[in-house]
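Observations on chain architecture
Residue-level listing of the chains:
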Amino acid sequence: MTQACHGKRGVTRGHVQAMRAGMPRAAGRILRRVAPVLALLSGWQLLAMALDMEELPGAWQALQTVPQILSSGEDVGSILASLRRMAIGYVLALLMVVPLGLSMGRCQRLARVVNPLAALAYPIPKAALMPIIMLWFGIGDLSKILVIFLGVSLPLLYHSYQGALQVDEKLWWSARAMGMGAVRGMLRVVLPAALPEILLGCRVAVSMALITMISSEMIARQRGAGDLLFNALDMAVYTEVYAMIVIIAVIGLTLDALVEWARRRLTHWTDAQGAAG
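Everything quoted here is computed from the prediction, not taken from an experiment. (Residues numbered from 1 in each chain as written. Predicted model: local features only at pLDDT ≥ 70, side-chain atom pairs only at ≥ 80, totals over all residues. Heavy atoms only, no water.)

Some details on the overall build of the protein
The helix and strand tally for the protein stands at 11 helices and zero strands. When the helices and strands of the protein are placed in sequence order, the string is α-α-α-α-α-α-α-α-α-α-α. Every one of the 277 residues in the protein was classed for burial, and the buried ones make up 35%. For the protein, the computed accessible surface area is about 16900 Å², with 68% contributed by carbon and sulfur atoms. (Helix = DSSP H or I, 4+ residues; strand = E, 2+ residues; numbered from the N terminus. Buried < 20%, exposed > 50% of the residue type's maximum accessible area, 1.4 Å probe, protein only. Areas by Shrake-Rupley, 256 points an atom, 1.4 Å probe, with all protein chains shown as cover.)

Quick word on unusual backbone geometry
The phi dihedral of Asp-52 is positive, around 50°, even though this residue is not glycine. Examined against the element boundaries, Asp-52 turns out to sit in the loop between helix H1 (2–51) and helix H2 (59–70). Not every positive phi belongs to a glycine, and Ala-236 is a case in point at roughly 60°. Within the fold, Ala-236 resides in the loop between helix H9 (225–234) and helix H10 (238–266). Judged by relative accessible area, Ala-236 falls into the partly exposed class, the value being 33%.

A look at the packing of aromatic side chains
Enumeration over the complete set of coordinates arrives at two aromatic pairs. Note on Trp-44 and Tyr-242: the rings are 5.7 Å apart at their centroids and 45° apart in plane angle, and the pair reads as tilted. Of this pair, Trp-44 sits in helix H1 while Tyr-242 sits in helix H10, and the two are 198 residues apart along the sequence. For Trp-44, a relative accessible area of 17% gives the class buried. Look at Tyr-242 and you get partly exposed, because its relative accessible area is 22%. Relative to Phe-137, the ring of Trp-136 has its centre 6.4 Å away and its plane inclined at 80°; by these criteria the two rings are edge-to-face. Judged by relative accessible area, Phe-137 falls into the partly exposed class, the value being 41%. (Phe/Tyr/Trp six-rings, centres within 6.5 Å; stacked < 30°, edge-to-face > 60°.)

Brief notes about the confidence of the model for the protein
In this model, the protein carries a mean pLDDT of 81, and residues with pLDDT of at least 70 account for 83%. Confidence, read as mean pLDDT per element, is least for helix H11 (residues 268–276) in the protein (52) and greatest for helix H3 (residues 73–106) (92). Low pLDDT, under 50, characterises residues 1–11; the predicted model gives this stretch zero contacts beyond four residues in sequence or across chains. In the predicted structure, residues 272–277 sits below a pLDDT of 50 and forms zero contacts with residues beyond four places in sequence or in another chain. (pLDDT = per-residue confidence, 0-100. Contact = heavy atoms within 4.5 Å.)

Quick word on the nonpolar core
Membership of the largest hydrophobic core comes to 52 residues, with the highest contact counts inside it found for Leu-102, Val-152, Leu-156 and Met-244. Listing elements by their share of this core, those giving two or more residues are H1, H2, H3, helix H4 (108–121), helix H6 (141–165), helix H8 (182–219), H9 and H10. Leu-102 has contacts with Ser-160, Ala-164, Met-186, Val-190, Leu-191, Ala-194 and Ile-198, leaving out every residue within four places of it along the chain. (Core = buried A, V, L, I, M, F, W, Y, C linked by side-chain atoms within 4.5 Å.)

Description of the packing of H4 against H6
At a closest axis distance of 11 Å, the pairing of H4 and H6 adopts a crossing angle of 150°. Classified by the angle their axes make, H4 and H6 are roughly antiparallel. For H4 against H6, the interelement crossing comes out left-handed. From H4, Gln-108, Ala-111, Val-114, Asn-115, Ala-118 and Ala-121 reach across to H6, where they touch Leu-154, Leu-157, Tyr-161 and Leu-165. Of the residues belonging to the contact of H4 with H6, the class tally is eight nonpolar, two polar and no charged. (Axes fitted to C-alpha atoms, helices over the stretch in contact; angles between N-to-C directions. Parallel < 35°, antiparallel > 145°, perpendicular 65-115°, else oblique. Left-handed = near helix turned anticlockwise from the far one by under 90°. Nonpolar A, V, L, I, M, F, W, Y, C, P; charged D, E, K, R; others polar.)

Comments concerning the pattern of salt bridges
Considering all chains together, one arrives at seven salt bridges under this definition. Across the pair Glu-217 and Arg-85 runs a salt bridge whose closest N-O atoms are separated by 2.6 Å. In this pair, Glu-217 sits in helix H8 while Arg-85 sits in helix H3, placing the two residues 132 residues apart along the sequence. For the pair shown, Glu-217 and Arg-85 are each scored as buried. Here Asp-256 ties to Arg-203 by a salt bridge, and the two come within 2.8 Å at their closest N and O atoms. (Salt bridge = Lys/Arg side-chain N within 4 Å of Asp/Glu carboxyl O.)

Some words on the side chain of Ser-216
Mapped onto the fold, Ser-216 is located in helix H8. Residue Ser-216 is classed as buried on the basis of its relative accessible area, which comes to 0%. Setting aside anything within four residues of it in sequence, one finds Ser-216 in contact with Met-130, Lys-144 and Val-147.

Let's talk about the environment of Leu-154
By the secondary structure assignment, Leu-154 is in helix H6. In sequence terms Leu-154 and Ala-93 are 61 residues apart; their C-alpha atoms lie 9.3 Å from each other. Contacts of Leu-154, omitting those with residues within four sequence positions, involve Ala-118, Ala-121, Tyr-122 and Lys-126.

What about a nonpolar patch on the surface?
Together, Ile-88, Val-91, Leu-92, Leu-95 and Met-96 line one region of the surface with nonpolar side chains, adding up to about 450 Å² of accessible area. Assignment of secondary structure puts Leu-92 in helix H3. Residue Leu-92 is classed as partly exposed on the basis of its relative accessible area, which comes to 36%. (Patch = residues over 30% accessible without salt bridge, like charges linked within 9 Å, V, L, I, M, F, W, Y side chains within 5 Å.)

So this is what it looks like as structure tokens:
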């Protein structure tokens, strides 16, 4: 009985020691992430105080305006409308462009047709297409979703294509020799092998989706985060302008963190291989 009690105390002490050892490491990780943000905000505040310009309010003023925007049901509804458009364009690109990129990686004839078109479209700012798309489809949600779709498509296409090219040919031919059809082979062999590269493309695509979403809403002035930003600029309410920039930045960081979390969960074996190497 005494030995059992001592054993329990040993386990408890071990857990406490492990927790104490882990706390400085966790604090260090948090500090490394927070310190650059604090440095940026401090620099912003000092610059605003030094210049004393109406067009550059201090960081503290902008941050105080953020809760005011988020407490307005109309403003929150506009931000949610933007996120809905962004989600639709992003998901459509995932469903349509990723299979195309994987197919290009397995079919060089298809790649020879699509690659020149992608290279031609790559340097064109997608927001520059907004006036033409508005002529065709009006200024509603469809135009904005289409622009977001176009902005997201190229990084997804490129990374899906590169991921499919890296698939070991022996795996592909072994699957075909076992009677696996082309579609099933793409789902069971090519997609899992290309998944790490595809998810890297997804991370790039999130940033592109956010950029094209805001740009399209600033051109086609309708309910949305870009419209809130531009309206504040029109009315010279500069604290709201910078507050909206902060909100958009936080949305971008959150979405990027979610994609990175999904990448680590879905491709944890690649991280393990990298650590072993």
